[in-house]
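Structural features, examined
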Amino acid sequence: MSREKLKSLGLKLPLFPTTSVGSFPKPDYLAKARAEFGKGKITAEALRELERNATKFWIQTQEKLGVDVLVDGEMYRGDMVAYFAESLPGFTQGGLVRSYGNRYYHKPIITAAVEWPGPVTVDWWKYAQSLTKKPVKGMLTGAYTIMDWSFNEHYPDRRSTAMALARVIRKEVEALIESGCKIIQIDEPALSVRPEELPIAIEAMEVTTKDLRAYFITHACYGAFEQIYPGMLALAVDNFDLEMANNDLGLLDIFRRQRFTKDISFGVVDVHTHKMEDEDAVRRRVEQALTILEKDQIWVDPDCGLKTRTVDEAIEKLRLCVAAAHSFRN
Amino acid sequence: MSTARPGLHLASTGSYPRIGDSPELQLLRRTVAALDRGDRTSADLHDAEHEMTRRAIADQMKAGLDVITDGLIRWYDPISHLAGKLENVKIRGLLRFFDTNCYFRQPILAGKPMRPGPLVVDEYSFARNALGHLPTPKSKAGKLSIKPVLTGPYTLGKFSQAEHTENGARHSYASLEARTMAYAEALAAEITALAEYGAELIQVDEPAAVKFPEDWAIFEISLAPLIAARDKLREGGRKIEIALYFYFHDCTPLYEKLVKLPADIVGLDFTYNPKLPDLIASAGSPKPLGLGLVDARNTRLEDPEAITRQIERLLPKIDGGRAYLGPSSGLEYLPRDRAFAKLALLGRVREALLGLKGPAR
């Protein structure tokens with residue numbers, strides 16, 4: 001429970017703070033512009049302007065909905081790993097591979113030592129924060145996940161790859177903090193992929209966040225958490241953002257056996273279905289959370305990034321999160 | 001030339017990328033997206049699947065493979081594609097598929113999973129037809145075959161769940177054994193149907209069996225209906241073999257048990273433990289092996305000479321000198337150009353073994 005830490009950072013958040021996991025759908029005009037940019041039909045400056053417009057739209061939308069901790073929506077990013085791989089020397093872009101169903105991404109290839117070229121996300125964070133008085137999260141992908149989601153043709157093994165990446169990501173964290181960012185989310189969706197490698201993920205996060213002054217969140221999803229719990233609580237973060245709705249809150253059974261000791265951003269809406277939950281169902285999920293967790297541990301958000309939904313669906317799913325949180329605050 | 005070398009077949013291990021970087025290789029993705037928007041029909045989707053299946057088969061032929069699959073182009077994932085066609089099964093949320101970056105949709109059993117009809121027979125028939133329409137090199141005439149692939153009953157059972165009952169009572173398929181045996185029954189019927197349509201070699205994937213050895217007894221008994229189906233087909237005069245494939249985990253600890261299973265061929269992933277070749281060289285194998293020596297999960301291209309040396313070393317230790325060299329798993333985890341490069345590597349290894357082109361460079 002990190003209320004004290006939030007307070008020490010000057011952040012006063014209500015009970016059941018609402019947030020979202022990171023990505024929002026790109027408006028049609030931006031999706032089209034990105035495709036045109038890929039074909040060389042528009043300039044980088046023109047694309048950037050549209051990305052700024054879309055970022056502004058999502059900041060305003062979150063404010064209107066009453067979300068407490070905002071994200072920039074990642075209008076300028078494609079895949080969460082590919083975005084960093086495109087920015088960091090040492091990576092080469094690989095061809096498309098499937099993630100699930102009809103979703104594909106360019107899986108990067110590490111072909112040389114990875115380096116930090118200078119701030120990658122900071123300008124976007126500064127821009128988003130300039131549009132609102134509410135806190136905006138810095139959004140990064142963790143070293144372990146970047147390692148796991150890349151092909152490796154350079155480093156001798158997975159641990160050395162993860163540590164090299166952790167040193168690079170730490171520099172980005174430092175740059176965000178220096179710019180005034182107080183809440184930083186470092187996504188590790190690969191956390192539970194190889195339970196035997198949890199020590200590597202823990203070591204990498206330690207390298208990334210140790211002694212740095214910010215409230216750290218990590219997002220993990222779609223994994224065998226029963227195999228890494230409670231060991232995963234050793235990860236050097238304050239808050240775990242977990243998908244709960246997608247697995248019918250099955251993780252609560254695990255938390256029942258061994259107390260969950262950190263804050264949790266509790267996923268209450270499934271992001272991988274067009275189907276819209278009703279408000280009561282979402283409220284019941286928060287009620288279920290309260291049977292196991294303390295009220296000041298719980299943040300409320302969607303299961304995962306909303307970029308695979310339509311704009312209208314994403315807004316409605318966010319609205320459901322806010323409505324549920326507000327009903328418990330009252 | 002070693003007498004064992006003619007027994008080396010080049011085989012696909014299942015999936016092949018359903019997308020590439022060029023526009024014509026994005027046909028399927030574009031069609032699915034258009035279907036979701038309501039701009040295409042399911043007939044358009046089938047056309048796109050047909051086209052990408054033809055291309056997957058053509059790539060395998062071009063690389064010189066003998067045992068070809070349809071690339072599993074139509075599969076949403078290795079679990080829900082089969083389980084989703086069974087009665088009493090609902091397909092739900094996403095879970096990660098082993099340690100890959102791919103996800104599958106989890107089957108939830110509301111009752112006994114029942115096979116309402118053929119699961120992949122149509123896909124197999126299409127692939128056979130497609131193969132027949134491609135120009136075949138003279139040296140390969142009559143030697144190429146399509147191998148249908150099924151995910152095995154234990155892996156399906158392991159990744160499925162029983163639906164919660166409303167009154168909290170224990171569901172009859174809450175036990176792993178009950179789920180697995182129900183799937184085994186359905187898959188045994190599918191094996192029979194595939195064989196009746198002409199399949200002579202069927203690959204059954206059981207990656208979960210090496211990942212969760214604590215369930216070995218359940219896995220082992222789940223093979224009985226499949227083997228019984230095979231034996232009955234043989235009694236009826238059918239020529240049919242079952243290849244069990246294991247990947248995504250170290251096969252070394254279970255090796256001696258794996259090669260004693262009642263399958264005709266046992267396929268192994270060599271990428272998780274560099275000592276597996278030593279073990280096979282020392283213990284030998286009482287049955288033909290699938291040699292997954294080419295890493296289907298990383299883009300780094302293997303040294304063909306190193307693989308050639310491994311084959312030279314292992315083939316004489318395998319009963320009958322028959323082996324199937326292939327990728328360590330399906331190739332859908334690689335970009336298409338790299339996947340093809342891995343297949344082409346197999347052809348270069350065989351040429352080197354046959355002394356056709358000198359060192360396999």
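Positions within a chain are numbered from 1, following the residues in the order the chain's sequence is written. Whichever chain is written first becomes A and whichever ligand is written first becomes 1, with later ones labelled in order. Local features in this predicted model are restricted to residues of pLDDT 70 or higher, and side-chain atom pairs are both shown and tallied only at a pLDDT of 80 or more, whereas totals for entire chains, interfaces and linings draw on every residue.

From N to C terminus, chain A includes 11 helices and 11 strands. Since a compact globule built from 330 residues should have a radius of gyration of about 20 Å, the 19 Å found for chain A is in line with a globular shape. By its C-alpha atoms, chain A is 50 × 45 × 40 Å across when sized along the principal axes. Partly exposed residues are those whose C-beta has more than 12 but fewer than 20 other C-beta atoms within 10 Å; with 20 or more the residue is buried, with 12 or fewer it is exposed, and the C-beta atoms are placed from the backbone. Counting across all 330 residues of chain A, residues that qualify as buried make up 50%. Residues are treated as contacting if the C-beta atoms built from their backbones sit within 7 Å of each other. Of all intrachain contacts in chain A linking residues separated by at least 6 positions in sequence, the fraction that spans at least 24 positions is 77%. Put simply, DSSP H or I for four residues or longer makes a helix, DSSP E for two residues or longer makes a strand, and each gets a number counted from the N terminus. Atoms counted for the radius of gyration: C-alpha only. Globule rule: 2.2 Å times residue count to the power 0.38.

Bringing the overall build of chain B into the picture now. A count of helices and strands for chain B gives 12 helices and 12 strands. A globule of 361 residues ought to have a C-alpha radius of gyration of about 21 Å, and chain B, at 20 Å, matches this closely. Across its three principal axes, chain B shows a C-alpha extent of roughly 70 × 50 × 40 Å. By sequence separation, contacts in chain B at least 24 residues apart represent 73% of the contacts at least 6 residues apart.

Turning our attention to the sheet that holds strand 4 (residues 103-114) of chain B. All names here are of chain B. Strand order in the open sheet made by the 3 strands is 3-4-7, with mixed pairing throughout. With one partner strand each, in any of the chains shown, strand 3 (87-96) and strand 7 (161-162) form the two edges of the open sheet. With 7 bridges joining them, strand 3 and strand 4 adopt antiparallel strand pairing. Each bridged residue has a counterpart across the sheet, and for L95 the counterpart in strand 4 is F104. A pair of strands is treated as paired once DSSP finds two or more bridges between them.

This next bit is on the interface of chain B and chain A. In many analyses, interface size is given as the accessible surface area lost on bringing the parts together. Each partner contributes residues to the interface: chain B has 27 residues there, and chain A has 23 residues. For the side of chain B that touches chain A, the secondary-structure elements that each account for two or more residues are helix 1 (27-37), strand 3 and helix 12 (336-353) of chain B. Sort the elements by how many residues they give to the side of chain B that touches chain A and strand 3 of chain B lands first, with 4 residues. A per-class count over the side of chain B that touches chain A returns 11 nonpolar, 5 polar and 11 charged. Charged residues are taken to be Asp, Glu, Lys and Arg, nonpolar residues to be Ala, Val, Leu, Ile, Met, Phe, Trp, Tyr, Cys and Pro, and polar residues to be all remaining types, Gly included.

Moving on to the sheet that holds strand 4 (residues 109-110) of chain A. Residue and element names in this part refer to chain A. What the 3 strands build is an open sheet, ordered 1-4-6; its pairing is mixed. The open sheet has two edge strands with one neighbour each: strand 1 (91-92) and strand 6 (151-152). Both strand 4 and strand 6 contribute to a ladder of 2 bridges, which runs parallel. Across the sheet, residue I109 finds its bridge partner in strand 6, namely F151.

A separate point is the pairing of strand 3 (residues 103-106) of chain A. All names here are of chain A. Here strand 2 (residues 96-100) runs beside strand 3; their pairing, made up of 4 bridges, is antiparallel. Among the inter-strand pairings, Y100 is bridged to a residue of strand 3, identified as R103. Following strand 2, the chain reverses through 2 residues before pairing antiparallel with strand 3; G101 in that reversal takes a positive phi of roughly 45 degrees.

All names here are of chain B. By definition here, a helix of n residues has an expected span of 1.5 Å times n minus one. With 13 residues, helix 4 (residues 121-133) should reach 18 Å at 1.5 Å per residue; the first-to-last C-alpha distance of 19 Å fits that figure. Within helix 4 the residues assigned to the buried category are E123, Y124, A127 and A130. Angular distribution of buried residues about the axis of helix 4 spans 125 degrees; they occupy a single face of the element. Opposite the packed face of helix 4, turned more than 90 degrees from it, sit the exposed residues N129, G132 and H133. Elements that come into contact with the buried residues of helix 4 comprise helix 2 (42-62), strand 5 (145-146) and helix 6 (176-196). What the arc covers is the set of directions going from the helix axis to the C-beta atoms.

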